[in-house]
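Listed below, chain by chain, are the residues.
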Amino acid sequence: MALVRGAQGNNRGGAAEDHQFLDILPPADCQGGEAVSKAVINPSLCTSCNICAEVCPGTFGEPSSDPGIPKLAPDFMCLDCGHCVAVCPTGAIAHRAFPAGTIRPVEDGGRVPTYEEVMSLLRTRRSVRVFRDRAVEKDVILKVLEGARFAPSATNTQSTEYVVVTDRGLLRQVAELTSAILSGSGGAGDPYAFVYGLIAEDMEKGRDPILRGAPALIVAHAFSRANYAGVNASVALQNAVLAASSLGLGTLWAGYVMSVCRRDERVPALLSIPDGHQVYGALALGYPKYEYRHWVERRPLRVTWL
Ligand SMILES: Cc1cc2nc3c(=O)[nH]c(=O)nc-3n(C[C@H](O)[C@H](O)[C@H](O)COP(=O)(O)O)c2cc1C
Ligand code: SF4
Ligand code: SF4
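Let me begin by describing the structure that accompanies this report.

Each value, and the rule that gives it
Residues numbered from 1 in each chain as written. Chains lettered and ligands numbered in written order. Predicted model: local features only at pLDDT ≥ 70, side-chain atom pairs only at ≥ 80, totals over all residues. Heavy atoms only, no water. Helix = DSSP H or I, 4+ residues; strand = E, 2+ residues; numbered from the N terminus. Contact = heavy atoms within 4.5 Å. Areas by Shrake-Rupley, 256 points an atom, 1.4 Å probe, with all protein chains shown as cover. Near = heavy atom within 4 Å. Nonpolar A, V, L, I, M, F, W, Y, C, P; charged D, E, K, R; others polar. Axes fitted to C-alpha atoms, helices over the stretch in contact; angles between N-to-C directions. Left-handed = near helix turned anticlockwise from the far one by under 90°. Polar contact = N/O pair within 3.5 Å; in protein donor to acceptor, adjacent residues only side chain to side chain. Domains from an automatic or database assignment. Salt bridge = Lys/Arg side-chain N within 4 Å of Asp/Glu carboxyl O. Buried < 20%, exposed > 50% of the residue type's maximum accessible area, 1.4 Å probe, protein only. Pairing = 2+ DSSP bridges. Core = buried A, V, L, I, M, F, W, Y, C linked by side-chain atoms within 4.5 Å.

Re the overall build of the protein
Helix and strand counts for the protein come out as nine helices and six strands. Partitioning the contacts of the protein with sequence separation of at least 6, the portion at a separation of at least 24 is 77%. Surface accessibility of the protein: about 18,200 Å² in total, with carbon and sulfur atoms responsible for 55%.

In structure tokens:
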């Protein structure tokens, strides 16, 4: 069996034809500095339950030829997702991406909010357009982003990065530049040209129909060639939205800002978005001025069952 030298980092971009799928070998077989995978199994703790291999996203083909040795992703296929170390009932797996101290027990015996609690959060989240004149503390914004950090991402790239704007002057500049770009873009036949005119008028009068005067703006960006960069950013931001709701904060997807970032370099430049990155989402954030005491219905589900 060929051994593949362990490489640091997530190297799943490597050429698959250079390698073959390998069984994880117990440490005794990895002596001499060669590692078969990023994961190493302690045979004295392993019960051969094979759960780690079942949940591993990087295993294909036949199961391990040795029933005592689970087959995990070879180095070049490993997503660093941590499913193996998180699921192993006996703590038998060490993994280079998760050094000691980074694998933690699930809190509260794994209790999760009830369906009713989750639905209450989902139904009462609304797009907030009136914010209190109160800054959002940095530690609170970090809690919101901590929710985003645990979002799923295609091949676990965790591609989304953030710019957070809390400077009032810069927030106003973003709103004004967005409005100016919108005004310049609405050619004849654009159904939104009329709205862009109204936005510009409001901006001139000191109002803010773009960011609604929110005291913070979270901008999600990523290397534009990352796998599913846009989807990853969207799901991460929606995690942030829900984390924000749970903290009593309100959010508004800043679609006008997002739309101008797609077609004009000036707002991304103002936001210090790095070269090669694209803006994939933006959230206005703040403490809501008003409390919603009711929730309203959505359109009925449209589902095709096949
Ligand atoms: C847009 C997107 C596409 C994905 N596609 C697949 C897929 O085709 N197969 C798969 O096994 N996992 C897929 N995943 C799951 C990711 O691999 C997973 O989110 C990541 O490894 C992190 O693991 P976690 O979601 O368990 O935290 C996808 C995730 C996203 C966001
Ligand atoms: S989950 Fe743990 S105990 Fe089960 S086969 Fe994998 S390493 Fe062994
Ligand atoms: S970290 Fe994920 S992909 Fe890598 S071996 Fe473990 S379960 Fe498989």
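Digging into the site of ligand 2
In the vicinity of ligand 2, 13 residues are found, and the nearest of them are Cys 46, Cys 49, Asn 50, Cys 52 and Cys 88. For the shell around ligand 2, the class distribution of residues is nine nonpolar, four polar and no charged.

Let's talk about the packing of helix H5 (residues 168–185) against helix H8 (residues 255–263)
Packing of H5 against H8 leaves a shortest axis separation of 10 Å and a crossing angle of 65 degrees. Crossing geometry of H5 relative to H8 is assigned as left-handed. Residue-level inspection shows Val 174, Thr 178, Ile 181, Leu 182 and Ser 185 of H5 in contact with H8, the latter providing Tyr 256, Val 257, Ser 259, Val 260 and Arg 263.

Regarding the site of ligand 1
Contacts to ligand 1 come from Leu 79, Cys 81, His 83, Pro 152, Ser 153, Ala 154, Thr 155, Asn 156, Tyr 228, Val 231 and Asn 232. A distance of 2.7 Å separates an oxygen atom of ligand 1 from a polar side-chain atom of His 83. Between ligand 1 and Ser 153 there is a distance of 3.3 Å, counted from an oxygen atom to a backbone nitrogen or oxygen. Coverage of ligand 1 by the protein amounts to 52% of the 620 Å² it exposes when considered alone. Built from parts of two domains, the shell around ligand 1 gets at least three residues from each of domain 1 (1–110) and domain 2 (115–286).

Re the pattern of salt bridges
The full count for this structure, using the stated rule, is ten salt bridges. Notably, a salt bridge pairs Arg 168 with Asp 133, separated by 3.5 Å at the nearest N-O pair. Of the two residues, Arg 168 is situated in helix H5 and Asp 133 in the loop between helix H3 (115–124) and helix H4 (138–149); the sequence distance between them amounts to 35 residues. Classification of Asp 133 as exposed rests on a relative accessible area of 75%. Ionic pairing is found between Arg 149 and Glu 146, a salt bridge with its closest N-O pair at 2.8 Å. A residue pair is termed a helical-turn pair when its members lie 3 or 4 positions apart in one helix, as Arg 149 and Glu 146 do in helix H4 at three residues.

Looking at the sheet that holds strand S6 (residues 277–286)
Pairing within the open sheet is antiparallel, and its four strands lie in the order S3-S4-S6-S5. This sheet does not close on itself; its edge strands, each paired only once, are strand S3 (161–165) and strand S5 (250–253). For this sheet, the mean inter-axis angle between neighbouring strands, taken without regard to orientation, is 25 degrees. Two elements, S5 and S6, share four bridges in a ladder whose sense is antiparallel. Among the inter-strand pairings, Trp 253 is bridged to a residue of S6, identified as Leu 283. Together, S3, strand S4 (216–223), S5 and S6 form the strand contacts of helix H7 (residues 229–246), whose direction differs from that of S6 by roughly 10 degrees.

Some details on the nonpolar core
Membership of the largest hydrophobic core comes to 25 residues, with the highest contact counts inside it found for Ile 210, Leu 211, Leu 217, Val 219, Val 257 and Val 267. Counting only elements with at least two residues in this core, the list comes to S3, H5, helix H6 (193–204), S4, H8 and S6. When near neighbours in sequence (up to four residues on either side) are disregarded, Val 219 contacts Glu 161, Tyr 162, Val 163, Leu 271, Ile 273, Val 279, Gly 281 and Ala 282. Counting residues in hydrophobic clusters, the runner-up holds 24 residues, among them Val 136, Ile 218, Ala 240 and Tyr 280.

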